[in-house]
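Residue-level structure breakdown
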Amino acid sequence: MSRKIVISKYQGNTHYSVHVYDSFNQEHHIGYSSVLSESFNKEIHKRAEEIWSKEVKKVPSLMSMAIKQCVEIDIKNGMTPSLD
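Presented here is an overview of the structure given in this document. (Residues numbered from 1 in each chain as written. Predicted model: local features only at pLDDT ≥ 70, side-chain atom pairs only at ≥ 80, totals over all residues. Heavy atoms only, no water.)

Quick look at the overall build of the chain
Regarding its fold elements, the chain presents two helices and three strands. Listed by position from the N terminus, the elements making up the chain come as β-β-β-α-α. Over its C-alpha atoms the chain spans a radius of gyration of 19 Å, topping by over 25% the 12 Å that the globule rule assigns to 84 residues. Oriented by its inertia axes, the alpha-carbon framework of the chain measures out at about 55 × 35 × 20 Å. Looking at the chain as a whole, 19% of its 84 residues are labelled buried. Restricting the contact set of the chain to residue pairs at least 6 apart, pairs at least 24 apart contribute 28%. Summed over its atoms, the accessible surface of the chain is roughly 6,800 Å², and 55% of this surface lies on carbon and sulfur atoms. (Helix = DSSP H or I, 4+ residues; strand = E, 2+ residues; numbered from the N terminus. Rg over C-alpha atoms; globule rule 2.2 N^0.38 Å. Buried < 20%, exposed > 50% of the residue type's maximum accessible area, 1.4 Å probe, protein only. Contact = heavy atoms within 4.5 Å. Areas by Shrake-Rupley, 256 points an atom, 1.4 Å probe, with all protein chains shown as cover.)

Brief notes about helix α2 (residues 62–76)
Its 15 residues place the ends of α2 21 Å apart at the C-alpha level, agreeing with the 21 Å of an ideal helix rising 1.5 Å per residue. Immediately downstream of α2, the backbone of Gly78 shows phi near 80°, a positive value. (Expected span 1.5 Å × (residues − 1).)

Overview of the pairing of strand β3 (residues 27–33)
Bridge count between strand β2 (residues 16–21) and β3: six bridges; the pairing is antiparallel. Bridge pairing links Tyr21 to Glu27 in β3. Linking β2 back to β3 in an antiparallel pair, the connection comprises five residues, with Asn25 at a positive phi of about 65°. (Pairing = 2+ DSSP bridges.)

A closer look at helix α1 (residues 38–53)
With 16 residues, α1 should cover 22 Å at 1.5 Å per step; its first-to-last C-alpha distance of 23 Å lies within 8% of that length. In the core, the buried residues of α1 are packed alongside β1 (4–8), β2 and β3.

Next comes the structure, spelled out in structure tokens:
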């Protein structure tokens, strides 16, 4: 995986949204800005470097692992899994 910075603006929106992805492809939202200036770009890169220097792979919660196992058991037994 690679690290990346994504700056997006939805059609009709007046602000840019900034997201940073670390090497584990985990998304970190940096914030919003109405303009893209040189000083804002420097701030984005500074915060991205901070995130990348502290990146840690998230461990799935016990609940999500248990649900995943239940779904796998349902599929193995020919049932259609339902999370309702």
